[in-house]
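Spelled out from the first residue to the last, the chains are:
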Amino acid sequence: MASPLLTLPLLLCLGQAPAPAVTEPPFEARLSFQGVDEDIDAEGSGTAFHAALEGHTPELASGLRAEATLSLFLSTPGTQGIALQDFGSNVRLRYRPSGWESREGLAVAVHPVNTSRLHMGFTWPVTWERQAFPRRAGNESALELRLSRMHWDAFVALKSANVADDLRLESSRRYALLAGGFLDVTPELRLAAKGTVLNRGQIPGVANQGVELHVPVKGASLGAVWHRGAPVGNNVDLALYQGDPTFFERFFQPETYPGGFAASVSLEGSLVSQGLVDPEADAPRRSTQTAGAGALEARVKQGFWRAHALAYVRTLSFIQTDVPGLPPYQDFLSDAETRAEVSGTLSSDYHLQDWGLTPGLLVRVTRPASLRYATANPLFGDTVFVFQGPNILGVLPEGVDPGLVVTVKATARWDLGAIAGVLAEVSYTHDPNRTRFEADETGVSRPVLQPANAVGVNVLLQARF
């Protein structure tokens, strides 16, 4: 990438007319506090604090500006201590040639610590590769180039990290390439595509045997969006977007209610393959595991009333894609019976303009992903594993099948002008797959079913300066 000191004289020689003055303030700050308790009758509540600072420079040269975002997340993951995590801080340089519209231009972005804003997929539940290298020794950084025109957009990004290599007992630098963009086919229809290729590095288990075996990954995501009328914002479902680095940004974007009808429908799918260890081979060899996911989302707005619907499916191999494998870096056994996660959500809310309050109701039904091994397997027996996320799993008692998880939420959004906002939800969840390990009469620890019903609360407060 050319030095900015070399770029500025070049831009000055091009003779562009000055761009319109930037209307946003030079600095914006957001402070957010979140309290979560998924079951008020059990342990496990937590609090989190998010701090974000955005800066915009005036014109450095004709059409050239710089931006920076500092985003930090503080949480209390255990009984003691505080975890500090970068939440996608980045620096951007934007250039808009003379005659181009305000939304058009060239951009270069550097993500020095965390690359979770660059990912495959489009809708949060089915996104992946937010972190490309699980065994990185230090930060994972990225360089992103983007060209935006009125009816299309294209980008290419390169992620990089030092990855542990147990065969050579050292770290080596690895790279992940992402590319894609979108095209407005009509004023109402947009098509999007992304692709990625990378190598996660040496598999640690076979390195101890002196065998060099890597994890190559290839994948693609395709999407389509149809929209009509004014934009329809996100519903108040705090639990659905917890891992999204834009979580604290998107929920307090002003929602407009110009009247009339508005709607949007999006459909997407992702397919990924990666090389893992064949667990049944006599000698270490690679087995290609494929994974897939898809999502369908619809939004409707009529006056001050909104409705949202989201359905998605994720194969178990897709849920474990970024880990990767189960056990780590291993493909599933041939006798393993896997079942995909399928989830559907319906929600509706109504905006009370005089009060700035938007109450709503949400219902979600989920069939969790699961893994079952045949009875003949001496290691696991007739055991069923139920998955809530990557490496987040529970074990059901022998002979018990996974059940549907039903969640009902009462939600509320309260906008206090441009300076503050409150999001809150009270939830009831019926999850028949909840277990914990207890010792039986012989002293052996076994999974035991727990009460299926739970009431939880989730509150998010934000102040903006």
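Residues numbered from 1 in each chain as written. Predicted model: local features only at pLDDT ≥ 70, side-chain atom pairs only at ≥ 80, totals over all residues. Heavy atoms only, no water.

Peer 1: Pulling in residues and values, what's your account of the side chain of Ser-32?
Peer 2: Of note, Ser-32 is situated in strand β1 (residues 27-37). For Ser-32, a relative accessible area of 1% puts it in the buried group. Side-chain polar atoms of Ser-32 contact the side chain of Gln-462, separated by 2.8 Å. In contact with Ser-32, not counting residues within four places along its chain, are Ala-48, Phe-49, His-50, Phe-248, Leu-460, Leu-461 and Gln-462. (Helix = DSSP H or I, 4+ residues; strand = E, 2+ residues; numbered from the N terminus. Buried < 20%, exposed > 50% of the residue type's maximum accessible area, 1.4 Å probe, protein only. Polar contact = N/O pair within 3.5 Å; in protein donor to acceptor, adjacent residues only side chain to side chain. Contact = heavy atoms within 4.5 Å.)

Peer 1: Describe the environment of Gln-274, with residues and values.
Peer 2: Counting through the fold element by element, Gln-274 comes out in strand β12 (residues 261-277). Given a relative accessible area of 3%, Gln-274 falls into the buried group. When the C-alpha atoms of Gln-274 and Thr-321 are compared, they prove to be 8.2 Å apart, with 47 residues separating the residues in sequence. When residues no more than four places from it in sequence are discounted, the contact partners of Gln-274 are Arg-200, Val-215, Pro-216, Val-217, Ser-287, Thr-288, Gln-289, Thr-321 and Pro-324. Separated by 3.3 Å, the side chains of Gln-274 and Arg-200 make a polar contact. Here Thr-321 takes part through its backbone oxygen, which lies 3.2 Å from a polar atom of the side chain of Gln-274.

Peer 1: Lay out empty space enclosed by the protein with the relevant residues and their values.
Peer 2: One pass over the full model with this rule turns up 2 cavities of 30 Å³ or more. In this structure, the largest cavity occupies an estimated 60 Å³ of space. Contributing elements (two or more residues each) for the lining of the largest cavity: β14 (305-314) and β16 (341-350). In terms of residue count, β14 provides more of the lining of the largest cavity than any other element does, 3 residues in total. Of the residues contributing to the lining of the largest cavity, the split by class is 4 nonpolar, 4 polar and 1 charged. Space inside the second largest cavity adds up to approximately 40 Å³. As for the second largest cavity, its lining consists of Asn-235, Val-236, Ser-347, Ser-348, Asp-349, Leu-361, Leu-362 and Thr-411. Within the residue set of the lining of the second largest cavity, elements represented by two or more residues are β16 and β17 (357-367). Of all the elements, β16 adds the most residues to the lining of the second largest cavity, at 3 residues. (1 Å grid on protein atoms, 1.4 Å probe; cavity = no way out; pocket = protein on both sides within 12 Å on 5 of 7 lines; lining within 4 Å. Points joined across faces, edges and corners; volume = space filled by probe spheres on them. Nonpolar A, V, L, I, M, F, W, Y, C, P; charged D, E, K, R; others polar.)

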